[in-house]
Amino acid sequence: MTTTDAPLLLARDGAVATIRFNRPTALNAIDVPMANAFLAAARELAADKSVRAVLMSGAGKGFMAGGDLGVLSADPKQGAADLIDPLHEALTVLDRMDAPLIAQVHGVAAGAGLSMMLQADFVLAAEGTRFNLAYVNIGTSCDVGASWALPRLVGMRRALEIAMLGDTYDAVAAERMGLINRVVPAAELEAEALALAHRLAKGPTVALGNLRRLMRGSLGRDLAGQLDAESAAFQACAATDDFRIGLDAFFARKPAAFTGR
């Protein structure tokens, strides 16, 4: 996409793809065109094996203020389906990729914006960012995977507190609770997020993909099942070029230059 008024902008910087939510006058609240554009972008990136890291960000003053309540108020049931269905499919597509997902968050992450952020493998947030799950404040439960991610990130009791009280948290509190990885100065956020994305993109992509799937699936398995999953993943990694590159680099005592294959 090249037009600045598109609801979502997709850009490439080498092996790093950036998804930028682009409704700045609405704090990037998700409407139906944005939800559909997000799904189209996810499918495009999943089909491109040269993508080795994905960075999500928001244009303007905030990451994302949630779903567009105008869509929901016009026709609550159909509006919810029109927003949720493509968003959930997009996140499922991104989750199946080997490429890590990084969220670059500033200003506000609320409602579906917070839910979206929670799906990332890494989250960097600018100082001054505010976080609120918010759904309970409009009388609804959550979507976009919040109920899956929150207990895994912060534990059940804290997850229920965040979800059921609808309180706002600052970036320091969010880092302390485990909602985000790191707080950075606002002026440095974009550079730090891009540097992290490039660092990950230079890594062994298949191994990173297996690591994210092993971690995400671990709470759904007993130990024996997890050991089996680890064995299968390790053997799959052992068949890659990157494994041989890593071994050669180790024995040569030099940094590995992984190819992503």
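Above this text is the structure in question.
This write-up is about the structure you can find in this document. (Residues numbered from 1 in each chain as written. Predicted model: local features only at pLDDT ≥ 70, side-chain atom pairs only at ≥ 80, totals over all residues. Heavy atoms only, no water.)

1. Brief notes about the side chain of Asp31
Item 1. With respect to the helices and strands, the residue Asp31 is situated in the loop between β2 (16-21) and α1 (32-46).
Item 2. Side chain to side chain, Asp31 and Arg23 meet in a polar contact 3.4 Å long.
Item 3. Look past the residues within four positions of Asp31 in its chain and what remains in contact with it is Arg23, Asp68, Val71 and Leu83. (Helix = DSSP H or I, 4+ residues; strand = E, 2+ residues; numbered from the N terminus. Polar contact = N/O pair within 3.5 Å; in protein donor to acceptor, adjacent residues only side chain to side chain. Contact = heavy atoms within 4.5 Å.)

2. Some details on a nonpolar patch on the surface
Item 1. On the surface, a cluster of nonpolar side chains totalling about 330 Å² of accessible area is made up of Met156, Leu160 and Met164.
Item 2. Mapped onto the secondary structure, Met164 falls in helix α6 (residues 156-165).
Item 3. For Met164, a relative accessible area of 57% gives the class exposed. (Patch = residues over 30% accessible without salt bridge, like charges linked within 9 Å, V, L, I, M, F, W, Y side chains within 5 Å. Areas by Shrake-Rupley, 256 points an atom, 1.4 Å probe, with all protein chains shown as cover. Salt bridge = Lys/Arg side-chain N within 4 Å of Asp/Glu carboxyl O. Buried < 20%, exposed > 50% of the residue type's maximum accessible area, 1.4 Å probe, protein only.)

3. Notes on the sheet that holds strand β4 (residues 101-105)
Item 1. Across the sheet, six strands lie side by side as β1-β2-β3-β4-β6-β9; this open sheet has mixed pairing. Each edge of the open sheet is held by one strand with a lone partner, namely β1 (8-13) and β9 (182-184). Looking at each pair of strands side by side, their axes are set apart by 20° on average, direction ignored.
Item 2. In this structure, strand β6 (residues 122-126) lies alongside β9, joined through three bridges in parallel fashion. In the strand pairing of β9, Ala125 is matched with Val183. (Pairing = 2+ DSSP bridges. Axes fitted to C-alpha atoms, helices over the stretch in contact; angles between N-to-C directions.)

Nothing here speaks to function; it is all geometry.
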